[in-house]
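Examining the three-dimensional arrangement
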Amino acid sequence: MEIRDIRSTDLFTGDERRPRQLLRVTLVNRGEWLAGNGEIVTVRADAPGITTPEPVTVTGLEPGEERSADIPLAIDAGFAADTTRQVTVTAEGAGGPAGPGGSARAGGSVRADGEVTVAAPGWTMFMVPHFHYDPVWWNSQAGYTATWDDLPAAADRRSWPQRTAMDLVAAHLQAARLDSDYKFVLAELDYLKPYWDAFPADRAELRRLIADGRVELAGGMYNEPNTNLTSLESTIRNTIYGVSYQRDVIGGDPRTGWMLDVFGHDPSYPSVMADAGLTASSWARGPFHQWGPLRSHGTNTGMQFASEFEWMAPDGSTLLTSYMASHYSAGWGPANAPTLAEAEAEAYKRFQELKPVAATPNVLLPVGADHTIPSRWATEIHRDWNKQYVWPRFVVGLPNEFFAAVRADASGKADASGKPADASRRPDGTSRRHIALRPQSRDMNPIYTGKDVSYIDTKQAQRAAEVALGDAEKLATLMTILGARYPAEAIDKAWRQLCFGAHHDAITGTESDQVYLDLVGGWREAYELGARVREEAIGYLADRVATSGEGRPLLVVNTQSWPRSDLATITARFAAPGPAGVEVRDEA
């Protein structure tokens, strides 16, 4: 018999009050004193402050066979986490003295020395089912929403089971119907409104799932806009449309900014979201290269701060934020595993990648990718893993549950269920960390080559339309005060076009040529609507300006919120033969 490997884990069995850390021991039957055939080997580990209350038995180890056994250890609570302790592992068979060198030849037991790294119990990984949806990118809005399956086979880029928006919402709803443990996120109006309009029979069920805490409407925006390339007013309108629809139409309560795929963030974003009533945000691109530290450098340990932090805007407003260091598709890998055991191994691997950079004993694992159906294994892992281990827990959850747990562990306040938690102890009896989440005011804009210069005309069109529309709203408001009807429909349509065009795969210029052609019509319409309202409002106001009746009156309009002394230029036209001369009488 040989003890080939002794490996420490951060897995715990037992119960919350008496968790037992697992030590993984690999045995090899060299055929010298253990013939197999049902013979029993008892394995334990001991050291000062470390015992094995219930030794593990291994049976049926055939000659030449190698097998691992997890030994549950009771470790002195005074040992600090991440410290290393020496242990002696003993494997006992039918009896007899131990052989030299950690192997048994004629004897019935063998010993070997190893190390245990003390792990902290109390960790939870929240597996959040979602799908990322692009209304435009390499495919058109029609394709992504409803007609994707009409594409010829040569144009189908799907490397995993992706579906249209209509099919996706229906698939996730069906998963929730069939499995009471299933929860999921819905976010963008780009698919929420079409589905809500087209399938009224599902409205009551969706509202019930929201009320039961099994669906979270996240995002709080029209879509996932690239706010670095638009005006702040566009960001505000994008938020108004998103929050109003999610709260007032569907009946949700968006609290989490869900900006998964956006290529960088306006520093004022936390302030706008906080003013809109959101309390947290999560996204996958920002402090580091576009793909994040794991995909860029192979590890998350090079991060300069924890994945959870207080994101601070220039005005001092903050938003609790979780950075998806392993990207928003990190949890999709287990869905492709052929068996539950392999899916659990993949999920555990994701946990180990994210754990070192977590600010609290809580990990957010987004389970989804672009246009993906429900994960095959998420709820199976949720049920099976937690039967095997007390810590870390793997649970299907929602962003608001994750952020509630982060706040509880950071402050010792109420837990995710809303029940007051002890300010100094967790349910397992261990001390809370009482950490202070670090504020970060740094630039959250990774290097993303080309997005700010590709299709530069789309950026110019967006800005021209924003200016025209902002002017139009102010002037139309004055016009309304004087008795005119406010042109609500034109202004509303123009803003919706700008909200749609602000998407991170639209205004950035990362879209295909066909999508570009589809989009420019929207920008053109937004500009024309805004410019027409502006012109009509100025005309209406000019008709009501009192003049002296002498000479030709000139009205100069300033739509800014401060006095201006700029030069204004006007071309005056006169009937032939024109005036003999022009005299400026005075400043009036």
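Further up the page is the structure itself.
Described in the following lines is the structure provided in the data block. (Residues numbered from 1 in each chain as written. Predicted model: local features only at pLDDT ≥ 70, side-chain atom pairs only at ≥ 80, totals over all residues. Heavy atoms only, no water.)

Okay, the side chain of Thr235 next. With respect to the helices, strands and loops of the structure, Thr235 is situated in helix 5 (residues 232-250). What Thr235 contacts, discounting residues up to four positions off in sequence, is Met221, Thr227, Thr230 and Val272. (Helix = DSSP H or I, 4+ residues; strand = E, 2+ residues; numbered from the N terminus. Contact = heavy atoms within 4.5 Å.)

As a further point, take unusual backbone geometry. The omega torsion of the bond from Trp391 to Pro392 falls at -10 degrees, within 30 degrees of zero and hence cis. Position of Pro392 relative to the elements: it lies in the loop between helix 9 (378-388) and strand 17 (393-396). Look at the link from Ala576 to Pro577: it is a cis peptide, with omega at 5 degrees. Its location among the elements puts Pro577 in the segment after helix 13 (513-542). Although it is not a glycine, Tyr455 adopts a positive phi angle of roughly 50 degrees. Structurally, the position occupied by Tyr455 is in the loop between strand 18 (439-440) and helix 11 (456-481). Relative accessible area serves as the criterion here: at 24%, Tyr455 is assigned to the partly exposed category. (Buried < 20%, exposed > 50% of the residue type's maximum accessible area, 1.4 Å probe, protein only.)

The subject of this paragraph is empty space enclosed by the protein. Counted according to the given criterion, the structure contains 4 cavities of 30 Å³ or more. Considered as a void within the structure, the largest cavity measures approximately 100 Å³ in volume. Mapped onto the lining of the largest cavity, the elements with two or more residues apiece are strand 15 (318-323) and strand 16 (362-367). Here the element with the most residues in the lining of the largest cavity is strand 16; it accounts for 4 residues. (1 Å grid on protein atoms, 1.4 Å probe; cavity = no way out; pocket = protein on both sides within 12 Å on 5 of 7 lines; lining within 4 Å. Points joined across faces, edges and corners; volume = space filled by probe spheres on them.)

In this structure the tally under the stated criterion is 34 salt bridges. Linking Glu346 and Arg350 is a salt bridge whose minimum nitrogen-to-oxygen distance equals 2.9 Å. Residue Glu346 and its partner Arg350 are both found in helix 8 (residues 340-354); the two are separated by 4 residues, about one turn of the helix. The class for Glu346 is partly exposed, based on a relative accessible area of 28%. (Salt bridge = Lys/Arg side-chain N within 4 Å of Asp/Glu carboxyl O.)

Ordered in space as 16-9-17, the 3 strands form an open sheet in which the pairing is parallel. Strand pairing shows two members of the sheet lacking a second neighbour, strand 16 and strand 17, which therefore form its edges. The average angle at which neighbouring strand axes cross in this sheet is 25 degrees, direction not considered. Note: strand 9 (residues 124-129) against strand 17, 4 bridges, orientation parallel. Bridging from a neighbouring strand, Phe126 pairs with Val395 of strand 17. Where helix 8 meets the sheet, its contacts fall on strand 9, strand 16 and strand 17, and the angle it forms with strand 16 comes to roughly 130 degrees. Of the strands in this sheet, strand 9 and strand 16 are in contact with helix 10 (residues 399-411), which crosses strand 16 at around 165 degrees. (Pairing = 2+ DSSP bridges. Axes fitted to C-alpha atoms, helices over the stretch in contact; angles between N-to-C directions.)

On to the packing of aromatic side chains. Within the structure shown, the criterion is met by 22 aromatic pairs. Their ring planes at 80 degrees and their centres at 5.1 Å tell us that Phe305 and Phe309 sit as a pair that is edge-to-face. On the numbers, 4.1 Å between centres and 10 degrees between planes, the contact of Tyr455 with Tyr516 is stacked. Taken as a pair, Tyr455 in the loop between strand 18 and helix 11 and Tyr516 in helix 13 lie far apart in primary sequence, 61 residues in all. Tyr516 gets classed as buried once you look at its relative accessible area, which sits at 17%. One aromatic cluster in this structure is built from Tyr269, Trp283, Phe288, Phe305, Phe309, Trp311 and Tyr323. Above the plane of the ring of Trp291 lies Arg285, whose end atom (NZ or CZ) is 4.8 Å from the centre. The lysine or arginine in question, Lys355, covers the ring of Trp123, its NZ or CZ lying 5.2 Å from the ring centre. (Phe/Tyr/Trp six-rings, centres within 6.5 Å; stacked < 30°, edge-to-face > 60°. Lys NZ or Arg CZ within 6 Å of the ring centre and 35° of its normal.)

One can find Glu380 in helix 9. Placed 201 residues apart in sequence, Glu380 and Asp179 show a C-alpha to C-alpha distance of 10.0 Å. Apart from the residues lying within four places of it in its own chain, the contact partners of Glu380 are Leu340 and Trp385. Here Arg383 takes part through its side chain, which lies 3.1 Å from a polar atom of the side chain of Glu380. (Polar contact = N/O pair within 3.5 Å; in protein donor to acceptor, adjacent residues only side chain to side chain.)

This paragraph deals with the packing of helix 11 against helix 12 (residues 488-501). In the contact formed by helix 11 and helix 12, the axes pass within 11 Å of each other and the chain directions differ by 150 degrees. Regarding the angle of helix 11 to helix 12, the classification is roughly antiparallel. Classified by chirality, the crossing of helix 12 by helix 11 is left-handed. Along the contact surface, helix 11 presents Gln462, Ala465, Glu466, Leu469 and Glu473, while helix 12 presents Ile491, Ala494, Trp495, Leu498 and Gly501. Grouping the amino acids of the contact of helix 11 with helix 12 by side-chain chemistry returns 6 nonpolar, 2 polar and 2 charged. (Parallel < 35°, antiparallel > 145°, perpendicular 65-115°, else oblique. Left-handed = near helix turned anticlockwise from the far one by under 90°. Nonpolar A, V, L, I, M, F, W, Y, C, P; charged D, E, K, R; others polar.)

The subject of this paragraph is the pairing of strand 1 (residues 2-14). Look at any regular strand and the pattern is simple: side chains alternate between the two faces of the sheet. Pairing geometry for strand 1 and strand 2 (residues 19-28), over 9 bridges, is antiparallel. Bridge pairing links Ile6 to Val25 in strand 2.

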